[in-house]
Structures are given as structure tokens and as C-alpha cells.
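For reference, the chains in residue letters:
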Amino acid sequence: MSQRKSTKKAAKPDKSNFFGSKQVSSAVIMQAAKASSDLDSDDGILCCGPGTPTETSQITKSDLAEALDKLSSKLISTWQHTADSLRKDLQELGKRTSHVEDKCDEFATAHNDLATHVEHLATKVHKMEEKMRDLEDRSRRNNLRLRGVPEEVANKDLLAYVRGLLHAFVPEVPTDMLLVDRVHRVPKPRHIAQAVPRDILLRAHYHHIKEHVLRSSRIRTSPPEDYPTVKIYADLSSATLQKRKEFKQVTSVLRNHEVRYRWGFPTKLIITRDGETTILHSPGEGLKKIESLGTL
């Protein structure tokens, strides 16, 4: 029994040197250095293989070049596919852009044609408006508008009242020439006060008599005694009246300096001075003409 114990005790490892450093013999070191020099001489690379951890395989330069060639071919193929896809998208985008540019050119051409057409139509409409205004004024060319006739004058007495008024303004004209085709009161605008009497509209049978009455009313310094509040005006369209109001500053200067003028169609001012006739188509042109006349 004592023999068994001594045997087990001799086989027990040294615990004190279990985790300590082990001395490597010089023979082992020389063997490892030789193996390393052999590997360097063969230009090889040690790597772990699929087998056991100690199993190794060797990759040469040709294998690495072949692997690089395969990787390069794969990358080139991928890039080529991507470039083809991008090129296709760019071509499609170019076609769409070209189509949009063509459409923009068509729209620009159509817009220019439409603008020219609209301008032409605007000119024609302006001329038509002037023609209509002239036709309306011509249909009123024998009319006179009387302002200030008292409301006490009844409708049945208007004809006699008007004929007496005309004779008072032009006493030299025979009574049988003072013919009136029709006479009536016109509605009063909303902005006119209630106390102001309504205007009277009459149509003279003879145009030259109407012009003579109108001219006489302008040159008279005072109204007739029996008709102190009555004023006589030409009956014109609202558009013509508005156009003539724009020349008010010019006509005031001409009247103050006793320069003769008359109205033309379309609305324009015709000045006659020292045997010379001047046509003014706008108020600005009229003011420049007045400035050029030193005596004015």
C-alpha cells in the first residue's frame, strides 16, 4: 500500500510551475527559423485552410492576379450595366426635354399670333366705337337740350314755351321757320338735386336753324328777360361729351383769346387762326400748340 502511494505522488505534476514560463530548447528554435527561411525563399503565404488549425495552403502571384482579373471584370460589367441604364434614362430625359422645348416654341408662336390678333381686334373695336359714337351724334344733330326750364311748365304747354324761347334767342328768324318736330322732358340723373328741374329735349326741323340758335346762345352776354334761367346746349352722346371735357383747358384758353375753333370727328379740335387751320387730336397736343403760339 505504501508502494502505491509513492507511485501516485511521483506522477503528480508540479503545480508551482503550471502557469509559469517554460524554457524552450535551442533545437526547437533552430527548427522554427529554418522553416521560416524556407517559406521566404518560396515567396509563399501561410494561411489557415478548411482543415485542422495546423493545415496550411499557399497562394501564388498568378492566383492573386487571376482573382483581381475576375473582380475587375465583375466591376466593369456592373459599371457598364449602370452606365447603360443611366445613358438610357438620359436619352429618355433628353427626348422629353426636346418635346417640352418644341411645345414651348409652339406656345410662344401661338401667343405672339394671338397678341397680334388681339391688338388688331382692339383697333377695330376702337374704330367701331368711334363709328357708333358718330352715328349716335348724327342721329342727334338736330336736337337741342334746354336746361333751367321750371317744372311749372306743363307738358302740354312745352311746345308753345319752346317756340317762344327760340324766337327770343333768334328774333331775326321768321316764326314759320322755328319748327319743332318733338319736345319732351328727360329723366333726371340720380346725382342731381331734387329741386333742380329736368332738362327738355327738342328736335328742330331745320338743322341750320338749330345751329343758328346754338351759336346765338353762345355769343349772348345775357339771357332773354323772359327766360333768365334757361341755357341751351347741343345734345351729344355721353362718350363724346367725355372726350370734349378732356379738351376743356385748351378750349378755355382759345375762348379767352377769341381764337375760333370747331369740333371734328372723331373727337378732335380744329383751330383756325390767321387763315391757318390746325387739327388737335389730344389735349396734350393742344397744350403744346398753345405754348408754341407766343401771342397766347
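Of the comments in the UniProt record for the protein chain, the one headed Sequence similarities (unreviewed entry) reads "Belongs to the transposase 22 family."

### Some thoughts on the overall build of the protein chain
Within the protein chain, the secondary structure is distributed over eight helices and nine strands. For the protein chain, the residues scored as buried account for 20% of the 296 residues in total. For the protein chain, the exposed area adds up to about 23100 Å²; of that, 56% sits on carbon and sulfur atoms.

### Concerning the environment of Thr175
By the secondary structure assignment, Thr175 is in the loop between α4 (158-169) and β4 (180-185). For the pair Thr175 and Arg163, spaced twelve residues apart in the sequence, the C-alpha separation amounts to 8.2 Å. Not counting residues up to four positions away in its chain, the partners in contact with Thr175 are Arg163 and His167.

### Remarks on the layout of surface pockets
Quantified by volume, the largest pocket comes out at close to 2200 Å³. Mapped onto the lining of the largest pocket, the elements with two or more residues apiece are α3 (61-139), β3 (143-147), α5 (207-219), β6 (231-234), α6 (238-245), α7 (248-256) and β7 (260-264). Looking at the lining of the largest pocket, its residues break down into 16 nonpolar, eleven polar and 22 charged. Put simply, the second largest pocket is a space of about 250 Å³. What lines the second largest pocket is simply Arg145, Arg147, Val186, Pro187, Lys188, Pro189, His191, Ile192, Val196, Pro197, Arg198 and Asp199. Of the residues belonging to the lining of the second largest pocket, the class tally is six nonpolar, one polar and five charged.

### A word on the nonpolar core
Among the nonpolar cores identified, the biggest contains 23 residues, and Leu146 and Val162 are the most heavily contacted of them. Only β3, α4, β4, β5 (200-204) and α5 provide two or more residues apiece to this core. Looking at this core, the element that brings in the most residues is α4, giving six residues. Setting aside residues no more than four positions away along its own chain, Leu146 makes contact with Val162, Leu165, Asp199, Ile200, Leu202, Lys231 and Ile232. Grouped together as the second largest cluster of nonpolar side chains are eight residues, Phe247, Val250, Val259 and Leu280 included.

### Looking at the sheet that holds strand β9 (residues 276-280)
Sheet architecture is open: three strands sit in the order β7-β8-β9, paired in antiparallel fashion. Where the open sheet ends on each side, the last strands, each with one partner, are β7 and β9. Strand-to-strand twist in this sheet, taken as the mean axis angle between neighbours without regard to direction, amounts to 25°. When strand β8 (residues 268-273) meets β9, the two strands line up antiparallel, connected through five bridges.

### Re α7
Listed in full, the buried residues belonging to α7 are Val250, Thr251 and Leu254. For α7, the angular spread of buried residues about the axis comes to 95°, placing them on one side. Residues of α7 that are exposed and point more than 90 degrees away from the buried face comprise Lys248, Gln249 and Asn256. Among the structural elements, β7, β8, β9 and α8 (283-292) are those in contact with the buried residues of α7. Just downstream of α7, Glu258 is the residue with a positive phi angle, here 55°.

### A short note on the side chain of Thr267
The topology assignment puts Thr267 in the loop between β7 and β8. In this structure Thr267 touches Arg133, Thr240, Lys243, Arg244, Phe247 and His281, once residues within four positions along its chain are discounted.

### Re the environment of Thr229
Along the chain, Thr229 falls in the loop between α5 and β6. Put simply, Thr229 and Arg147 are 82 residues apart on the chain and 7.9 Å apart in space, counted from C-alpha to C-alpha. Excluding its chain neighbours within four sequence positions, the residues that come into contact with Thr229 are Arg147 and Gly148. A distance of 2.9 Å separates a polar atom in the side chain of Thr229 from the backbone oxygen of Gly148.

Cut-offs applied
Every chain's residues receive numbers from 1 upward, in the order its sequence appears when written. In keeping with the predicted nature of the model, local features appear solely for residues at pLDDT of at least 70, side-chain atom pairs appear and are counted solely at 80 or more, and the whole-chain, interface and lining totals rest on all residues. Think of the side-chain values as coming from all heavy atoms in the structure, minus any hydrogens and water. UniProt positions are given in the numbering used here, feature names are shortened, and annotations may be inferred rather than shown by experiment. Secondary structure is summarised from DSSP: a helix means a run of H or I of at least four residues, a strand means a run of E of at least two, and numbering begins at the N terminus for each. Burial status follows relative accessibility: with a 1.4 Å probe on protein chains alone, a residue under 20% of its type maximum counts as buried, one over 50% as exposed, and anything between as partly exposed. In this description, accessible areas are obtained by the Shrake-Rupley approach with a 1.4 Å probe, and a residue is regarded as covered only by the protein chains that are shown. Every residue pair with non-hydrogen atoms within 4.5 Å of one another is taken to be in contact. Definitions used throughout: a 1 Å grid over protein atoms alone; a cavity as a set of points that fits a 1.4 Å probe which cannot get out; a pocket as an open set with protein on both sides within 12 Å along at least five of seven lines; a lining residue as one with an atom within 4 Å of a point. Grid points are joined across faces, edges and corners, and a volume is the space filled by probe spheres set on the points. All residues other than Ala, Val, Leu, Ile, Met, Phe, Trp, Tyr, Cys, Pro, Asp, Glu, Lys and Arg, Gly among them, are scored as polar; the first ten of these are nonpolar and the last four charged. To qualify as a nonpolar core, a set must consist of buried Ala, Val, Leu, Ile, Met, Phe, Trp, Tyr and Cys residues joined through side-chain atoms within 4.5 Å. Here, any two strands with at least 2 DSSP bridges between them count as paired. Axis geometry follows a simple rule: fit a line to the C-alpha atoms, using only the stretch in contact for helices, then measure angles between N-to-C directions, giving values from 0 to 180 degrees. Directions are taken from the helix axis to each C-beta atom, and the arc is the one they span. What qualifies as a polar contact is a pair of N or O atoms within 3.5 Å, subject to a donor-acceptor requirement within protein and to the restriction that residues adjacent in sequence count only when both atoms come from side chains.

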